[in-house]
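An overview of the molecular structure
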Amino acid sequence: MSLSDCKYGSNTKTDHSYSFHSLPMAENYGKRPVRTFFDFRHKNLPENVDVKWAPLLSLTNLRSISKVKVVSFLLGLTLTFLILASYILTWDKKGLLFTPSPYQLRHLAIPTSTAAADVTSEKNLIDMRLLVKIIGSKLEYTSRKMPDEKDIIGTDSHLFTAIPRQFLPGIKSPCWYEEFSSKLSTDLYKRNLFTLRSKSFKTVCDHLRTNFHQHLYHRDGKQFRLRCLPYFYIIGQPKCGTTDLFHRLLLHPEVKFNTMKEPHWWTRKRFGYIRFKDGFQESFPVEDYLDLFDLAAHNIQGRISGNSSGDHSTLQFITGEASASTMWDNQAWSYLHGDREEPEPPFLAQDFIHTVQPSAKIIIMLRDPVERLYSDYLYFKMANKSAEDFHQKVTESVQLFQSCLSERSLRSCVYNTSLSNAMPVRLNLGMYIVFLLDWLTVFQREQILVLRLEDYAANLKVTIKKVFDFLSVGPLSEQVEAALTKRPMSNTRRAADRNLGPMLPATRDLLREFHQPFNHKLASVLDNKAFFWSNS
């Protein structure tokens with residue numbers, strides 16, 4: 001996962017506006033003495049000593065001071081007062097001193113230090129059991145209703161004008177002919193926004209433009225270019241092996257003509273966002289997204305034009321992408337329509353993908369959500385990472401999620417952008433079942449392949465064959481199969497992060513208990529007990 005995705009740095013987590021430490025907790029709120037910035041009590045004197053303060057300036061001394069010094073003193077005093085006043089006003093507006101989080105934290109007895117973690121009181125068990133019971137009850141909700149197609153199309157008419165409703169028969173990938181009216185001297189890729197942010201794709205475009213005219217189709221005095229959408233989408237989750245899977249798939253001769261793993265177009269770039277913390281930048285048009293699959297389109301068209309032998313093997317080339325944000329990230333809606341008071345996004349990424357491409361193949365790679373969260377925490381570059389810091393951040397995130405559940409539905413909390421930004425770790429990304437159920441309201445079960453990273457790591461050959469069978473691609477030669485299995489793992493943990501060691505046992509126990517109802521529901525829906533992750 002390159003996570004151009006996400007909130008940390010290149011995927012740098014958005015700095016949450018409310019620090020857990022600055023929030024008044026239920027047990028201490030109103031009881032803690034307030035310390036001001038100015039405390040004139042002498043720290044080294046006994047409290048019963050009567051200190052007599054001499055006048056700072058006697059009348060005689062005052063007369064001896066020049067008027068210039070008096071004026072300077074008064075001006076300095078005034079300036080100091082104005083600066084302090086401005087700070088106080090700023091704090092009041094930003095809520096740094098006195099304003100609680102939008103999700104007022106409620107006390108939850110969770111050990112927050114290594115020492116406290118060794119002692120598990122009965123109250124701790126009761127509190128966590130109560131939270132787990134609440135989650136379990138709220139997981140039993142009615143599935144979302146897919147929006148009407150006309151409403152989906154109405155949100156982006158250009159998208160549904162650029163992509164036809166029918167694709168060419170006889171070609172495995174979803175492709176069609178688009179009339180080419182530009183001059184051949186025109187540099188079609190010069191303004192593609194992906195080339196500005198990807199050197200590798202820019203290199204591909206440099207190659208494509210050299211013989212672009214050779215891949216045009218001529219009919220009735222007109223010229224047409226072949227356009228394609230992805231045949232398959234690897235949609236998530238982050239830190240679950242999607243990068244490694246995608247690059248191994250590229251070793252297959254029918255999949256090799258794919259250029260970019262994570263365009264994040266369906267979830268972010270088409271709305272004008274690259275990193276949400278950077279704000280709106282520039283919308284990537286659908287034409288720029290389609291350019292990502294021109295290498296495959298050129299190879300398909302080249303074989304069509306020069307195919308006099310009747311060999312249709314090249315028509316089996318398939319296109320694909322692996323944006324790990326596609327499964328879960330629908331935050332763009334809240335940034336674009338923040339004025340609307342809707343508890344859940346009215347449209348999801350899968351609504352648009354299904355509308356343009358109802359037969360798309362969907363691949364999901366998951367792992368134990370406890371391990372996924374720790375890997376996610378270690379992946380992003382930040383100062384002072386440690387197992388103790390991770391434990392504190394997990395505790396804060398559980399508190400915030402619990403507080404949201406007291407006011408909203410579970411699905412609303414999972415998709416809530418404000419809550420997501422406030423949580424110091426991405427706890428919601430491990431609530432797989434909520435996202436999967438929403439994808440199952442749009443796509444048929446047989447169109448979605450759900451894998452476990454644990455199985456992928458333990459038996460790569462078997463898992464990869466399952467993926468190839470799902471994509472209906474031909475068998476590999478012994479040489480290609482050997483290269484595929486021997487390829488080093490992609491996107492592994494950095495040495496510095498490995499040196500931090502595992503998470504604390506208390507953190508693992510807390511997260512395992514928290515995720516238990518989500519995993520139980522997931523295993524039930526998939527009819528596979530391995531998704532309990534009970535033996536991880």
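The present account deals with the structure reproduced in this document.

Quick notes on the rules
- Residues numbered from 1 in each chain as written.
- Predicted model: local features only at pLDDT ≥ 70, side-chain atom pairs only at ≥ 80, totals over all residues.
- Heavy atoms only, no water.
- Axes fitted to C-alpha atoms, helices over the stretch in contact; angles between N-to-C directions.
- Helix = DSSP H or I, 4+ residues; strand = E, 2+ residues; numbered from the N terminus.
- Parallel < 35°, antiparallel > 145°, perpendicular 65-115°, else oblique.
- Contact = heavy atoms within 4.5 Å.
- Nonpolar A, V, L, I, M, F, W, Y, C, P; charged D, E, K, R; others polar.
- Disulfide = S-S within 2.5 Å.
- Buried < 20%, exposed > 50% of the residue type's maximum accessible area, 1.4 Å probe, protein only.
- Pairing = 2+ DSSP bridges.
- Phe/Tyr/Trp six-rings, centres within 6.5 Å; stacked < 30°, edge-to-face > 60°.
- Lys NZ or Arg CZ within 6 Å of the ring centre and 35° of its normal.
- 1 Å grid on protein atoms, 1.4 Å probe; cavity = no way out; pocket = protein on both sides within 12 Å on 5 of 7 lines; lining within 4 Å.
- Points joined across faces, edges and corners; volume = space filled by probe spheres on them.
- Expected span 1.5 Å × (residues − 1).
- Arc of directions from axis to C-beta.
- Core = buried A, V, L, I, M, F, W, Y, C linked by side-chain atoms within 4.5 Å.
- Lys, Arg positive; Asp, Glu negative; His and termini not counted.
- Salt bridge = Lys/Arg side-chain N within 4 Å of Asp/Glu carboxyl O.
- Polar contact = N/O pair within 3.5 Å; in protein donor to acceptor, adjacent residues only side chain to side chain.

**Re the packing of helix α13 (residues 369-379) against helix α22 (residues 505-526)**
One can describe the packing of α13 onto α22 by two numbers: an axis separation of 9 Å at closest approach and a directional angle of 125°. Comparing their axes, α22 and α13 come out oblique. Where α13 abuts α22, its residues P369, V370, E371 and L373 lie against R508, L511, R512, H515 and N519. Classifying every residue of the contact of α13 with α22 by side-chain character gives four nonpolar, two polar and three charged.

**Structural notes on the state of the cysteines**
Taken as a whole and judged by the stated rule, the model has two disulfides. Across a sulfur-sulfur distance of 2.0 Å, C175 and C228 are joined as a disulfide pair. Here C175 and C228 share a disulfide; its torsion about the S-S bond, 100°, makes the bridge right-handed. Here C228 lies in strand β3 (residues 222-228) and C175 lies in strand β1 (residues 175-179), a separation of 53 residues in the sequence. Comparing C175 with C228, the two get one shared label, buried.

**Observations concerning the sheet that holds β1**
Strand order in the open sheet formed by three strands is β1-β3-β2, and the pairing between neighbours is antiparallel. The sheet is open, and its two borders are formed by β1 and β2 (216-219), each paired with just one other strand. The mean inter-strand angle of the sheet, taken between neighbouring strand axes irrespective of direction, is 40°. Contacts from helix α10 (residues 294-305) reach β1, β2 and β3, with the element oriented near 125° to β3.

**What to know about the packing of aromatic side chains**
Under the counting rule described, the total for this entry stands at 27 aromatic pairs. With 5.2 Å between their ring centres and 45° between their planes, Y273 and F276 make a pair best called tilted. For the pair formed by Y273 and F276, the shared burial category is buried. Taking 5.8 Å as the distance between ring centres and 80° as the angle between the ring planes, the aromatic pair formed by F401 and F514 counts as edge-to-face. Taken together, the residues F401 in helix α14 (residues 387-405) and F514 in helix α22 connect sequence positions 113 residues apart. Exposure class is identical for F401 and F514. Each is buried. Taking the ring centre of F224 as reference, the NZ or CZ of R219 above it sits at 5.0 Å. Between the NZ or CZ atom of K361 and the centre of the ring of F470, over which it lies, the distance is 4.7 Å.

**Brief notes about the pairing of strand β4 (residues 232-236)**
Taking burial as the measure, the five residues of β4 include five buried ones, the bulk of the element. In this sheet, strand β5 (residues 320-321) lies alongside β4 in parallel orientation, the contact comprising two bridges. The residue of β5 that forms the bridge with Y233 is E321. As judged from the four bridges shared by β4 and strand β6 (residues 361-366), these two strands associate in the parallel manner. When the sheet's bridge partners are listed, G236 is paired in β6 with I364.

**Some words on empty space enclosed by the protein**
The tally for this structure, following the rule as stated, stands at three cavities of 30 Å³ or more. Estimated volume of the largest cavity: approximately 80 Å³. Lining the largest cavity we find W328, D329, N330, Q331, V414, Y415, N416, T417, S420, N428 and F435. Residue assignment for the lining of the largest cavity shows that the elements contributing at least two residues are α15 (410-415) and α16 (417-422). Here the lining of the largest cavity is built from residues that sort into four nonpolar, six polar and one charged.

**A few points about the sheet that holds strand β7 (residues 448-452)**
Taken in spatial order, the four strands make up an open sheet running β5-β4-β6-β7, and their pairing is parallel. Unpaired on one side and paired on the other, β5 and β7 mark the two borders of the sheet. On the sheet, helix α8 (residues 242-249) packs against β4, β5, β6 and β7 and is oriented at approximately 160° with respect to β4.

**Details of helix α19 (residues 460-471)**
Compared with the 16 Å implied by 1.5 Å per residue over twelve residues, the 17 Å span of α19 between its first and last C-alpha is a close match. Among the residues of α19, those classed as buried are L460, T463, I464, V467, F468, F470 and L471. Summarising the axial view, the buried residues of α19 lie within an arc of 160°, below the 170-degree limit, and thus occupy one face. Of the exposed residues in α19, the ones pointing more than 90 degrees away from its buried face are K461 and K465. Buried residues belonging to α19 abut β4, α8, β6, β7, α18 (453-458) and α20 (478-486).

**Concerning the nonpolar core**
For soluble globular proteins, the rule of thumb is that nonpolar side chains tend to be buried together. The biggest cluster of nonpolar side chains holds 126 residues, and the ones touching the most others in it are L245, F401, F514 and F518. It is α14 that contributes the most residues to this core, eight residues altogether. Dropping the residues within four chain positions of it, F514 is found in contact with M128, L131, I135, V398, F401, L427 and M431.

**Structural notes on the side chain of K172**
Looking at the element boundaries, K172 is found in the loop between α6 (157-162) and β1. Lacking a salt bridge, the buried K172 has E254 as its closest oppositely charged neighbour, with an N-O distance of 4.5 Å. Polar contacts involving the side chain of K172 include one to the main-chain carbonyl oxygen of L471, which spans 2.7 Å.

**A look at the environment of S375**
Here S375 is to be found in helix α13. Sequence separation between S375 and R498 is 123 residues, and the spatial gap between their C-alpha atoms is 10.0 Å. Leaving out residues up to four positions away in the same chain, S375 has contacts with K239, R367 and R493.

**Quick word on α10**
In a regular helix each residue adds 1.5 Å, so twelve residues correspond to 16 Å; α10 covers 16 Å between its end C-alpha atoms and thus fits that length. Its buried side turned inward, α10 meets β1, α7 (199-210), β2, β3 and α9 (286-291).

**Re unusual backbone geometry**
The omega torsion of the bond from G236 to Q237 falls at -5°, within 30 degrees of zero and hence cis. Examined against the element boundaries, Q237 turns out to sit in the loop between β4 and α8. Phi angles above zero are rare outside glycine, and D527 is one such case at about 55°. Residue placement: D527 occurs in the segment after α22. The exposure class assigned to D527 is exposed, which follows from its relative accessible area of 72%. Notably, W533 is not glycine yet its phi reads approximately 55°, a positive angle. Checked against the element boundaries, W533 lands in the segment after α22. With relative accessibility at 1%, the residue W533 sits in the buried group.

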